[in-house]
Amino acid sequence: QVQVVESGGGLVQAGGSLRLSCAASGSIFSVNAMGWYRQAPGKQRDLVATITSRGSTNYADSVKGRFTISRDNAKNTVYLQMNSLKPEDTAVYYCNAAVRVTTTYGLNDYWGQGTQVTVSS
């Protein structure tokens with residue numbers, strides 16, 4: 001079993017900052033990549049940022065220059081530092097982990113339960 005748990009969401013004023021954390025645990029042989037996605041009401045779930053175990057990153061155009069994704073491979077944890085937040089950043093943020101499990105060595109995607117980020121204006 002693999003668990004993915006996000007934390008750090010909350011309410012912040014426009015221009016403020018939040019730092020999200022996501023930890024993967026369980027029967028993990030290795031983590032190939034982790035990423036953050038978000039979904040606002042009535043919208044599709046979109047990529048925010050991803051990072052591979054090698055450190056390669058990818059960002060949505062809407063967050064470039066404001067958000068930074070980082071990782072701690074030893075803890076199977078990723079972070080999303082969100083600065084200069086805007087009301088349009090309001091969404092449920094989901095963590096995804098691409099994990100090679102110990103039971104089969106297969107590569108599977110696991111999702112966290114989501115954490116709410118609300119930015120007021």
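Our structure's up above, just so we're on the same page.
First, a word on what this report is: a plain description of the structure on this page. (Residues numbered from 1 in each chain as written. Predicted model: local features only at pLDDT ≥ 70, side-chain atom pairs only at ≥ 80, totals over all residues. Heavy atoms only, no water.)

**Brief notes about the sheet that holds strand 8 (residues 77-82)**
Here is step 1 of the chain: Strand order in the open sheet formed by four strands is 1-3-8-7, with antiparallel pairing between adjacent strands. Among the strands making up the open sheet, the edge pair consists of strand 1 (2-7) and strand 7 (67-72). With strand direction ignored, the average angle separating the axes of adjacent strands in the sheet is 15°.
Here is step 2 of the chain: For strand 7 and strand 8, the ladder comprises six bridges, and the chain directions are antiparallel. Residue pairing across strands places Ile69 opposite Leu80, the latter belonging to strand 8. (Pairing = 2+ DSSP bridges. Helix = DSSP H or I, 4+ residues; strand = E, 2+ residues; numbered from the N terminus. Axes fitted to C-alpha atoms, helices over the stretch in contact; angles between N-to-C directions.)

**Overview of the side chain of Arg66**
Here is step 1 of the chain: Residue position: Arg66 is located in the loop between strand 6 (57-59) and strand 7.
Here is step 2 of the chain: In this structure the side chain of Arg66 is engaged in a polar contact, spanning 2.9 Å, whose partner is the backbone oxygen of Ser62.
Here is step 3 of the chain: The residues touching Arg66, leaving out its near neighbours within four places in the chain, are Gln81, Met82, Asn83, Ser84, Leu85, Lys86 and Asp89. (Polar contact = N/O pair within 3.5 Å; in protein donor to acceptor, adjacent residues only side chain to side chain. Contact = heavy atoms within 4.5 Å.)

**A word on the nonpolar core**
Here is step 1 of the chain: Membership of the largest hydrophobic core comes to 31 residues, with the highest contact counts inside it found for Met34, Trp36, Val48, Phe67, Leu80, Met82 and Tyr93.
Here is step 2 of the chain: For this core, the elements supplying multiple residues, two or more each, are strand 1, strand 3 (18-26), strand 4 (28-39), strand 5 (46-52), strand 7, strand 8, strand 9 (91-101) and strand 11 (115-120).
Here is step 3 of the chain: Element by element, the count of residues in this core is highest for strand 9, at six residues.
Here is step 4 of the chain: Apart from the residues within four sequence positions on either side, Leu80 is in contact with Leu18, Arg19, Leu20, Trp36, Val48, Ala49, Phe67, Thr68, Ile69 and Tyr93. (Core = buried A, V, L, I, M, F, W, Y, C linked by side-chain atoms within 4.5 Å. Buried < 20%, exposed > 50% of the residue type's maximum accessible area, 1.4 Å probe, protein only.)

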